[in-house]
Amino acid sequence: MSRNILLKWCAVALLFSVTMTVNAQWSLGIKGGWDYTSITRSNAGRIDETHSPLSGYDVGIQARYGFTDWFALRADLSVMRRSHRMDRHLNYLDSLYTEHHNLYLMLPVLADFSFGGEHFRGHAMLGGYVGYWLHERRKGKTYWMTDYYVFFDDFNEVREFTSEDCRFNAGLVGGIGLSYLINEHWKLNLDALYYYDLVSHRRSTPHLRDPRYLSTLSVTLGASYIF
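From a predicted model like this one, the values you see are computed outputs, not experimental measurements.

It is worth spelling out the overall build of the protein chain at this point. On a plain count of helices and strands, the protein chain comes out with one helix and nine strands. Listing the helices and strands of the protein chain from first to last along the sequence gives α-β-β-β-β-β-β-β-β-β. Every one of the 227 residues in the protein chain was classed for burial, and the buried ones make up 37%. Sequence-distant contacts, at least 24 apart, represent 66% of the contacts inside the protein chain between residues at least 6 apart. Carbon and sulfur atoms make up 64% of the accessible area of the protein chain, which amounts to about 13700 Å² in all.

As a further point, take the environment of Leu178. Inspection of the secondary structure assignment puts Leu178 in strand 7 (residues 168-181). In this structure the C-alpha to C-alpha distance between Leu178 and Phe115, which are 63 residues apart in sequence, comes to 9.7 Å. Ignoring any residue separated from it by four or fewer positions in sequence, one finds Leu178 in contact with Phe120, Arg121, Gly122, His123, Leu188, Asn189, Leu190 and Asp191.

Before going further, it helps to examine empty space enclosed by the protein. Applying the stated criterion to the full structure yields one cavity of 30 Å³ or more. Here the largest cavity defines a volume of roughly 120 Å³. For the largest cavity, the full set of lining residues is Ser27, Gln62, Ala63, Arg64, Arg74, Asp112, His123, Ser179, Lys187, Asn189, Asp191 and Ser224. Elements represented by at least two residues in the lining of the largest cavity include exactly strand 2 (49-66) and strand 8 (186-197). In terms of residue class, the lining of the largest cavity is built from one nonpolar, six polar and five charged.

Take Ser179: it is sitting in strand 7. Within the structure, Ser179 has its side chain in polar contact with the side chain of His123 (distance 2.7 Å). When neighbours within four sequence positions are excluded, Ser179 is seen to be in contact with His119, Phe120, Arg121, His123, Lys187, Leu188 and Asn189.

Turning to the side chain of Asp76, a few remarks are in order. Topologically, Asp76 is positioned in strand 3 (residues 71-88). Separated by 2.9 Å, the side chains of Asp76 and Arg74 make a polar contact. Excluding residues that lie within four positions of it along the chain, Asp76 makes contacts with Lys31, Ile61, Gln62, Ala63, Met106, Leu107 and Pro108.

Approximately 430 Å³ is the volume attributed to the largest pocket. Every element with two or more residues in the lining of the largest pocket is listed here: strand 1 (25-41), strand 2, strand 5 (120-145) and strand 7. In terms of residue count, strand 1 provides more of the lining of the largest pocket than any other element does, three residues in total. A per-class count over the lining of the largest pocket returns three nonpolar, 11 polar and six charged. The volume enclosed by the second largest pocket comes to roughly 300 Å³. Around the second largest pocket, the lining is made up of 17 residues, and of these Arg41, His100, Glu136, Arg138 and Arg212 lie nearest the centre. For the lining of the second largest pocket, the secondary-structure elements that each account for two or more residues are strand 1, strand 2, strand 3, strand 4 (96-116) and strand 5. Among the elements that line the lining of the second largest pocket, the one with the most residues is strand 5, at three residues. Split by residue class, the lining of the second largest pocket holds three nonpolar, five polar and nine charged.

For the rest of this paragraph, the subject is the pattern of salt bridges. Throughout the structure, instances matching the rule amount to 12 salt bridges. Note that Glu99 and Arg85 form a salt bridge whose closest N and O atoms lie 3.3 Å from each other. Remark: Arg85 occurs in strand 3 and Glu99 occurs in strand 4; sequence separation between them is 14 residues. Residue classification places Arg85 among the partly exposed residues on the basis of a relative accessible area of 22%.

In the predicted model, the protein chain carries a mean pLDDT of 87, and the fraction of residues at 70 or more is 83%. Of the regions scoring below 50 in pLDDT, residues 11-22 engages in two contacts with residues more than four places distant in sequence or in other chains.

Parameters at a glance
Residues numbered from 1 in each chain as written. Predicted model: local features only at pLDDT ≥ 70, side-chain atom pairs only at ≥ 80, totals over all residues. Heavy atoms only, no water. Helix = DSSP H or I, 4+ residues; strand = E, 2+ residues; numbered from the N terminus. Buried < 20%, exposed > 50% of the residue type's maximum accessible area, 1.4 Å probe, protein only. Contact = heavy atoms within 4.5 Å. Areas by Shrake-Rupley, 256 points an atom, 1.4 Å probe, with all protein chains shown as cover. 1 Å grid on protein atoms, 1.4 Å probe; cavity = no way out; pocket = protein on both sides within 12 Å on 5 of 7 lines; lining within 4 Å. Points joined across faces, edges and corners; volume = space filled by probe spheres on them. Nonpolar A, V, L, I, M, F, W, Y, C, P; charged D, E, K, R; others polar. Polar contact = N/O pair within 3.5 Å; in protein donor to acceptor, adjacent residues only side chain to side chain. Salt bridge = Lys/Arg side-chain N within 4 Å of Asp/Glu carboxyl O. pLDDT = per-residue confidence, 0-100.

Dropping the structure here:
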């Protein structure tokens with residue numbers, strides 16, 4: 001009896017895999033758009049600092065493998081500028097600030113659930129991502145003092161990475177989208193994805209815990225070729 005049940009389950013699984021393969025569909029495309037990044041970190045006694053989001057960009061390629069007309073797996077490989085700003089509020093020195101312009105290579109993998117008609121379809125996506133911190137440029141205004149005067153300096157520099165930086169990145173990603181099938185081979189898609197870091201880009205030290213996590217909203221327009 002148990003062997004018969006096992007054979008039945010194997011048959012069902014085989015039929016399901018064949019059905020999925022028959023309906024499977026590859027697509028490959030490009031995407032580009034805008035993003036908006038904020039940072040979450042502990043004040044650690046820095047009551048004179050405030051942090052605010054900055055805009056950036058998200059460009060790359062996207063691949064999609066559709067198992068059925070409502071479920072697919074999608075992977076993007078993109079370059080994202082994930083930037084944020086810090087302002088310092090000292091007595092008579094409120095113009096001090098630093099902008100951090102970070103460049104990341106990102107690889108999100110998402111489960112894509114779609115619904116709708118033949119041409120227009122809505123999408124709900126959820127998954128995870130890994131990334132790598134490629135580059136950081138800092139610019140802003142700082143100051144230095146003598147016994148009698150305060151001097152201000154503008155700066156715009158590439159920051160060298162140190163052992164305290166964690167360049168590997170990973171987290172959760174989810175969002176919604178809208179696609180339009182132009183013809184048998186071409187499709188347009190508009191996506192809004194939210195990236196939430198689970199790995200701090202600042203390593204903790206025995207003397208100081210100062211975790212720093214980025215969160216990014218990305219809105220992109222893409223075009224894909226269906227094979």
